[in-house]
Amino acid sequence: MLDHVPASGCDTRPVLRERGQREVFCGLTGIVWMHRKIQDAFFLVVGSRTCAHLLQSAAGVMIFAEPRFATAILDERDLAGLADAQEELDRNVARLLERRPDIKLLFLVGSCPSEVIKLDLHRAAQRLDRRFNGVRVLNYSGSGIETTFTQGEDACLAALVPELPATDAAQLVIVGALAEVVEDQWRRLYATMGITNIAFLPARRAGEMPAVGQGTRYLLAQPFLAETARLLDARGARHIPALFPLGAEGTTAFLRAGAEAMGVGAGRFAEATAAAEARARAALEGPRARLAGKRIFFFPDSQLEVPMARFLTRECGMEAVEIGTPYLHRAHLAAEMPLLPAAATLSEGQDVERQLDRCLAARPDLVVCGLGLANPLEAQGITTKWSIELVFTPVQGYDQAADLASLFARPFARRDMLRV
Ligand code: SF4
């Protein structure tokens, strides 16, 4: 088990639950990083011009690089039921697959409009899957009605899980989209401990997704994968509880939980990881000097807030005022919760006006929030950090610990420079 971590279930801290106006992305945004991760997948959003506009804004300059995502726009005729939307969708998909023979996995991604008119994308995916040989067609929803930001990744991976081949072989699967450098690092570390039966979900290519079954033990590399975990459990795989791999402490706890589950002894584990952990701790000294003693306030966004706050308070010496998360999965955060500072308010959900009032009254040194709130808060003299960068930048693992801390230190550096 983890060192210094009380057994799960004993954390009884109060949680402020709020429901009201929200300032968050919908799950479609997940496409921006998922399409880079699975290199022969294509994401076809079935939605409105609003959805297309959101993707273009979130993806920034990437839209000029022949990306593997697009929007099939539902127009007035579809919405009024005058056109057969299923037929039009089939036509669009046929044209797309003809032009892009490199696509091996196609996701039909539901949106608010496709859900409101009850377009059955599940049936459409099954039909198209039968029609196009060699291309897997699946569907999930990234709509704002059903998903918040990173839950788009959860919905995408959850669509994959029932399709994975079956195996009863003993193996370790790491779940959650990670940067390739991070995967390679962990593979190397585990190989030095003698663990080579290790796989990642999602894999880099559609044809390389891991098989799962009774012998599978899995680690969640991201805190927002509730549905994916539920479906893995249903396939007989077993979750390994751990801290999330943020910071030196988090990465060691995460990797150690995996190693223990695969029967590696403490000595061998320490031997393999001690140097990398020491390097990470040393690299943290620089950003820590800037962050120590600063007060931080998290608006809810990605569900990464709880492990981030644990890392920033324990390894960078920050103080947390409020840790807001869109959704608090108590079971998956069981190891994290007891490590949060007792004085911090933990809030779930959002009523943005009330939260802004709390934030302005507290006058924190740094606020982590979405783009919609960042500039207005800066105008009030409050330093901010855009939360979206935290999911677009490789932040997991030893070598990324200092980069992660630097993301939070940079706004202070900028403010100091502008002051001079
Ligand atoms: S899915 Fe819904 S919330 Fe997301 S961009 Fe489309 S309309 Fe907006």
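Caption draft 1: How the structure looks around the sheet that holds strand E5 (residues 136-141). Spatially, the 4 strands line up as an open sheet ordered E3-E2-E4-E5, and their pairing is parallel. At either end of the open sheet lies a strand with only one pairing partner, and these are strand E3 (69-73) and E5. Across the sheet, the axes of successive neighbouring strands diverge by a mean angle of 25 degrees, strand direction being ignored. Pairing of strand E2 (residues 41-47) with E3, which is carried by 5 bridges, proceeds in the parallel orientation. Within the sheet, the bridge partner assigned to Leu44 lies in E3 and is Ala70. Helix H1 (residues 30-37) rests against E2, E3, strand E4 (105-110) and E5 of the sheet, and its axis sits at about 155 degrees to E2. The strands touched by helix H7 (residues 151-160) are E2, E4 and E5; relative to E5, the strand with the most contacts, the crossing angle is about 140 degrees.

Caption draft 2: The arrangement of the environment of Leu284 in detail. For Leu284, the location among the structural elements is in helix H11 (residues 266-291). Its relative accessible area of 4% is what places Leu284 among the buried residues. The spatial distance from the C-alpha of Leu284 to the C-alpha of Glu348 is 29 Å, given a sequence separation of 64 residues.

Caption draft 3: Region of the structure containing the pattern of salt bridges. For the structure on display, the rule yields 20 salt bridges. A salt bridge links Arg358 to Glu322; its shortest N-O distance comes to 2.8 Å. With a gap of 36 residues between them, Arg358 in helix H13 (residues 352-362) and Glu322 in strand E11 (residues 319-325) connect regions that are remote in the sequence. A relative accessible area of 24% places Arg358 in the partly exposed class. By relative accessible area, Glu322 is classed as buried at 2%. Notably, a salt bridge pairs Lys385 with Glu389, separated by 2.7 Å at the nearest N-O pair.

Caption draft 4: Looking closely at the site of the ligand. What surrounds the ligand is the set Cys26, Leu28, Cys51, Ser111, Cys112, Pro113, Ser143 and Gly144. Residues of the shell around the ligand, tallied by class, amount to 5 nonpolar, 3 polar and no charged.

Caption draft 5: Just the nonpolar core, in detail. Counting 107 residues, the largest nonpolar core has Phe43, Phe107, Ile174, Tyr190 and Phe408 as the members making the most contacts within it. When residues in this core are grouped by element, the largest group, 7 residues, is from helix H16 (residues 401-419). Apart from residues lying up to four places away in sequence, Ile174 is in contact with Trp186, Tyr190, Ile198, Ala199, Phe200, Leu201, Leu219, Ala221 and Phe254.

Caption draft 6: Layout of the packing of aromatic side chains. Within this structure, the stated rule accounts for 7 aromatic pairs. Taken together, Phe25, Trp33, Phe149 and Phe392 form an aromatic cluster joined through their ring pairs. Above the face of the Phe412 ring, Lys294 is positioned so that its terminal group lies 4.9 Å from the ring centre.

Caption draft 7: Inspection of the sheet that holds E11 at higher detail. The strand order across the open sheet formed by 6 strands is E1-E12-E11-E10-E13-E14, and the pairing between neighbours is parallel. Only two strands of the sheet have a single partner each, and these edge strands are strand E1 (16-19) and strand E14 (384-386). The sheet shows a mean angle of 20 degrees between the axes of neighbouring strands, direction not considered. Across 3 bridges, strand E10 (residues 295-298) lies against strand E13 (residues 366-369) in parallel orientation. Paired with Ile296 across the two strands is Leu366, which belongs to E13. Sheet contacts for helix H12 (residues 305-315): E10, E11 and strand E12 (345-350); angle to E11, the most-contacted strand, approximately 170 degrees.

Caption draft 8: Geometry of the confidence of the model for the chain. Looking at the chain, pLDDT values average 91 and 95% of them are 70 or higher. Across residues 1-9, where pLDDT falls below 50, the model places 12 contacts with residues more than four positions away in sequence or in other chains.

Caption draft 9: Focus on unusual backbone geometry. Note the cis peptide between Leu201 and Pro202, where omega equals 5 degrees. For Lys118, which is not a glycine, the phi torsion comes out positive at approximately 55 degrees. Mapping Lys118 onto the fold places it in the loop between helix H5 (112-116) and helix H6 (121-131). Judged by relative accessible area, Lys118 falls into the exposed class, the value being 70%. At Arg363, a position not held by glycine, the phi torsion is positive, near 45 degrees. We classify Arg363 as partly exposed; its relative accessible area is 43%.

Caption draft 10: How the structure looks around the packing of helix H10 (residues 247-261) against H12. Two numbers describe how H10 lies on H12: the axes approach to 8 Å, and their chain directions differ by 120 degrees. Taken as axis vectors, H10 and H12 run oblique relative to one another. Contacts between H10 and H12 pair Gly247, Ala248, Glu249 and Gly250 from the former with Arg310, Phe311, Arg314 and Glu315 from the latter. Per-class residue counts for the contact of H10 with H12 are 2 nonpolar, 2 polar and 4 charged.

Each value, and the rule that gives it
Residues numbered from 1 in each chain as written. Predicted model: local features only at pLDDT ≥ 70, side-chain atom pairs only at ≥ 80, totals over all residues. Heavy atoms only, no water. Pairing = 2+ DSSP bridges. Helix = DSSP H or I, 4+ residues; strand = E, 2+ residues; numbered from the N terminus. Axes fitted to C-alpha atoms, helices over the stretch in contact; angles between N-to-C directions. Contact = heavy atoms within 4.5 Å. Buried < 20%, exposed > 50% of the residue type's maximum accessible area, 1.4 Å probe, protein only. Salt bridge = Lys/Arg side-chain N within 4 Å of Asp/Glu carboxyl O. Near = heavy atom within 4 Å. Nonpolar A, V, L, I, M, F, W, Y, C, P; charged D, E, K, R; others polar. Core = buried A, V, L, I, M, F, W, Y, C linked by side-chain atoms within 4.5 Å. Phe/Tyr/Trp six-rings, centres within 6.5 Å; stacked < 30°, edge-to-face > 60°. Lys NZ or Arg CZ within 6 Å of the ring centre and 35° of its normal. pLDDT = per-residue confidence, 0-100. Parallel < 35°, antiparallel > 145°, perpendicular 65-115°, else oblique.

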